[in-house]
Amino acid sequence: MAEEVRSPDTTALDEVVTFTSELIRIDTTNRGGGDCRERPAAEYVAERLADAGIEPTLLERTPGRTNVVARIPGTDPSAEALLVHGHLDVVPADPAEWTVHPFSGEVRDGIVWGRGAVDMKNMDAMVLAVVRSWARHGIRPRRDIVLAYTADEEASAEDGSDFLADRHAALFEGCTEGISESGAFSFHPQPGTTLYPIAAGERGTAWLKLTARGRAGHGSKVNTANAVTHLAAAVARIGAHTWPVRLTTTVRAALTELASLYGIEVDTGAPDLDVDLLLDKLGPAAALVEATVRNSANPTMLEAGYKVNVIPGQAVAYIDGRTLPGGEEEFVATMDLLTGPDVEWEFHHREVPLEAPVDSPTFAKLRAAVERFDPAGHVLPFTMSGGTDAKQFSRLGITGYGFSPLRLPPDLDYGALFHGVDERVPVDALHFGVRVLDHYLKSA
């Protein structure tokens, strides 16, 4: 019981704010072109680990694209190890659109502002604050904790988790489970109701490149082999397509818990279940699951031509596709149908979907850690519409959960902050996260 009182200490609560702010000030913008440099942030993390007596290892596939890995030995050598990972890179931010400069790390009125405040330098800072608090008080977890601060998560992960899993698997020896971003954040669908979704699944990534080839010519001439026309038709079909419902185990569990919370009688295993009707009944709470009841494909980029009066011989489009477990074959067949005979398609980047057990002792401990610090909150499993580094680490046999706890006020929309303008996190939310992580990681 004494450990619970001492850890996390007030120094940890102060440090998590400082670390979040200072990490935000280190611009690690990843535009996907290879020009990101995570090394300054990696060195910042490594210095603070070393200062706590935790030996960091810095690893690079490409100069400047630095990862940090460290292991904290547990008290039970026979226990399986736990991976705790977070990425150091962030998506771009235009200062002209922000209330404060996105890389200022400004702390104003109890709020830390800046790119990475929720995605995910906050989690990086929370983990740092927790393990440094342990070091001050001589606390050791039951099982080995492997820390990984990765590069390149916001693009291909080739310089980050993909590189680590492929080239440095030995550093993760014994790890069977992992926790990372996008879970255990508070969600307020209605006054008086607070949900904490913990991610137990991720849709797969299926980014596509579409190419239409035709006959180049003058823009004033008749041209029945216009590459732009063929591509535009295919893109329109893809954008308008309604995908069939495909419910995974995690999504069924989420729908069941939400329906129970709202007093809705439903059998999510019934073959005649009207999922769209159920989502309507759930109101704002449906936002947690509506993007994960189907595969999806959204056109995002178009490239064609160089002059208004010249019909190009080739046109290209990119599609952000996402697949559910078991839905990969459906996705491929649907793309063949929607693109048609005049457009070729290929995978631009592909990652498998994931699903972790929601009836496991691990999920029960994650739930208990949140409920310990917010007994009135309702914890439920959910599937992420996007993905994380957990996909790469899954190749090492590591089952991943999204668990980056934050208790946010009802007027702060966590989902809108991700990759959005004016990304920010309350100091109180960081303190909540430190307490929850500290409790879970010691009991895991």
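Residues numbered from 1 in each chain as written. Predicted model: local features only at pLDDT ≥ 70, side-chain atom pairs only at ≥ 80, totals over all residues. Heavy atoms only, no water.

A. Molecular detail of helix α7 (residues 249-261). Its 13 residues give α7 an end-to-end C-alpha distance of 18 Å, which sits within 8% of 18 Å, the value for a rise of 1.5 Å per residue. Taken together, the buried positions of α7 are occupied by T250, V251, A253, A254, L255, L258 and A259. Where α7 terminates, the next one or two residues include G263, which has phi positive at roughly 70°. (Helix = DSSP H or I, 4+ residues; strand = E, 2+ residues; numbered from the N terminus. Expected span 1.5 Å × (residues − 1). Buried < 20%, exposed > 50% of the residue type's maximum accessible area, 1.4 Å probe, protein only.)

B. Main features of the pairing of strand β6 (residues 145-150). For β6, a buried count of six out of six residues is recorded, marking the element as mostly surrounded by other parts of the structure. Across the two faces of β6 the burial is the same, with I145, L147 and Y149 and V146, A148 and T150 all buried. Here strand β2 (residues 66-72) pairs with β6 via five bridges, running antiparallel. Pairing of V68 across the sheet is with Y149, part of β6. As defined by bridge partners, strand β3 (residues 81-87) adjoins β6 across six bridges and the pair is classed as parallel. Directly across from H85, in β6, lies its bridge partner A148. (Pairing = 2+ DSSP bridges.)

C. Just the packing of helix α4 (residues 121-137) against helix α13 (residues 427-443), in detail. One can describe the packing of α4 onto α13 by two numbers: an axis separation of 9 Å at closest approach and a directional angle of 55°. Between α4 and α13, the crossing angle belongs to the class labelled oblique. As for how α4 packs across α13, the hand of that crossing is right-handed. Residues N122, M123, M126, V127, A129, V130 and W134 of α4 form the contact with α13, whose participating residues are L430, G433, V434, L437, D438, L441 and K442. (Axes fitted to C-alpha atoms, helices over the stretch in contact; angles between N-to-C directions. Parallel < 35°, antiparallel > 145°, perpendicular 65-115°, else oblique. Left-handed = near helix turned anticlockwise from the far one by under 90°. Contact = heavy atoms within 4.5 Å.)

D. Looking closely at the nonpolar core. Grouped together as the largest cluster of nonpolar side chains are 92 residues, with contacts concentrated most on L49, I179 and F403. Apart from residues no more than four positions distant in its own chain, I179 is found in contact with L83, V84, H85, M123, L366, Y401, F403, L437, Y440 and L441. By size, the runner-up hydrophobic cluster in this structure holds 19 residues, among which are A206, L210, I319 and L338. (Core = buried A, V, L, I, M, F, W, Y, C linked by side-chain atoms within 4.5 Å.)

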